[in-house]
Amino acid sequence: MKTGLVLEGGAMRATYTIGVLDVLMENNIKFDGIIGNIRYYKKYASDKRFMSKRNLIFTGDLFSKDFCYNELPWKLDIFDNDTFKNSDTEFYAVSANVETGESEYIRINDLKNHDQMEYLRASASMPLVSRIVEVDGKKLLDGGITDSIPLRKFQEMGFEKNVVVATRTDSYVKMQEQVSISSLVYKKYPYFVEALKRRPKMYNDEKEYILEQEKKGTVFFIRPHEELDISRTDTNPEHLEKIYQVGRRDAEAVIDKLKAWLEG
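What this report covers is the structure whose coordinates are included nearby.

### Here's the deal with the packing of aromatic side chains
Logical step 1: This structure, assessed with the given rule, holds nine aromatic pairs.
Logical step 2: With a centroid separation of 6.2 Å and 75 degrees between ring planes, the pair formed by W74 and F79 is classed as edge-to-face.
Logical step 3: For the ring pair F84 and F91, a centre distance of 6.3 Å and an interplane angle of 65 degrees mean the geometry is edge-to-face.
Logical step 4: Since its relative accessible area comes to 16%, F91 is described here as buried.
Logical step 5: Counting every residue linked through ring pairs, the aromatic cluster contains W74, F79, F84 and F91.
Logical step 6: The ring centre of F58 lies 4.9 Å from the NZ or CZ of R54, which sits over that ring.
Logical step 7: We note K174 situated over the ring of Y203; from NZ or CZ to the ring centre the distance is 5.3 Å.

Dropping the structure here:
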């Protein structure tokens, strides 16, 4: 059976996910495929070049395109692109097509490829604080808007046994959000505005589906057991380290069960 790793993300809440992933890697746990997107640089999180209101005002992006997708991976914190290219694990980034209001699932295997890096950037480009990313004739933003936890998609793609890492608790229910500002900003993209309105129901339905799949034994679900005390844009290194350690502890607590489940 093909194994998959499905990541919720959640901007800086994804520091929890990083803690989980580090434990998985330390235990040499590998997957046939990974879907989702995360972004975490504790060392540079408080750097104004990474994320700042100044970036937003002068470039239209809260997260600096040049710093995050050029200077960081290729100069400051070198990304091992050769190992990534040669990996047998398939990685997919999810973005939202603002013209169709649907998700785009793009396989990424070479971040030196300009278009692939743009798809990755699109997958992390939050509405209202990011410019629309244009690549391959598509206009894209954060895939969490249209498919927050893409388990169903991975199952459709043939990944039958999946580990899902979420950044919200079981009890969390996404409430209807005020989209009046988004409706004005994205008035040229009515399908995207509708997707924003549907997002709470989509998210809650996906969480319910994951819990059902967990009961059936097709999913191993790792999630925080209390809400993470961090905002989507928190750059305090101490806060990030705390959430990272929560992820590590949660993963360490279930690592033996996870190994047995994967081998079963």
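That shown, we press on.
### Focus: the nonpolar core
Logical step 1: The biggest cluster of nonpolar side chains holds 48 residues, and the ones touching the most others in it are L5, Y16, L24, F50, F63, V163 and L258.
Logical step 2: Sort the elements by how many residues they give to this core and helix α9 (residues 237-263) lands first, with seven residues.
Logical step 3: Membership of the second largest hydrophobic core comes to 16 residues, among which are F159, A166, Y172 and I210.

### Observations regarding helix α1 (residues 15-26)
Logical step 1: Between its first and last C-alpha atoms α1 spans 17 Å; for twelve residues at 1.5 Å apiece the expected length is 16 Å, and the two agree.
Logical step 2: The element α1 is extensively covered by neighbouring structure, given that nine of its twelve residues are classed as buried.
Logical step 3: Within the sequence span of α1, burial applies to T15, Y16, T17, I18, G19, V20, L21, V23 and L24.
Logical step 4: On its buried face, α1 is in contact with β1 (2-7), β7 (159-165), β8 (219-222) and α9.

### So, the pattern of salt bridges
Logical step 1: Under the criterion given, the structure shown has 14 salt bridges.
Logical step 2: Put simply, E104 and K138 hold a salt bridge, and the shortest N to O gap is 3.2 Å. Of the two residues, E104 is situated in strand β4 (residues 103-107) and K138 in strand β6 (residues 138-142); the sequence distance between them amounts to 34 residues.
Logical step 3: Classification of E104 as buried rests on a relative accessible area of 17%.
Logical step 4: Given the relative accessible area of 22%, K138 is considered partly exposed.
Logical step 5: Here R121 ties to E118 by a salt bridge, and the two come within 2.8 Å at their closest N and O atoms. In this pair, R121 and E118 are both assigned in helix α5 (residues 114-123), three residues apart and thus about one turn of the helix distant.
Logical step 6: On the basis of relative accessibility, which here comes to 7%, the residue R121 falls in the buried class.

What counts and what doesn't
- Residues numbered from 1 in each chain as written.
- Predicted model: local features only at pLDDT ≥ 70, side-chain atom pairs only at ≥ 80, totals over all residues.
- Heavy atoms only, no water.
- Phe/Tyr/Trp six-rings, centres within 6.5 Å; stacked < 30°, edge-to-face > 60°.
- Buried < 20%, exposed > 50% of the residue type's maximum accessible area, 1.4 Å probe, protein only.
- Lys NZ or Arg CZ within 6 Å of the ring centre and 35° of its normal.
- Core = buried A, V, L, I, M, F, W, Y, C linked by side-chain atoms within 4.5 Å.
- Helix = DSSP H or I, 4+ residues; strand = E, 2+ residues; numbered from the N terminus.
- Expected span 1.5 Å × (residues − 1).
- Contact = heavy atoms within 4.5 Å.
- Salt bridge = Lys/Arg side-chain N within 4 Å of Asp/Glu carboxyl O.

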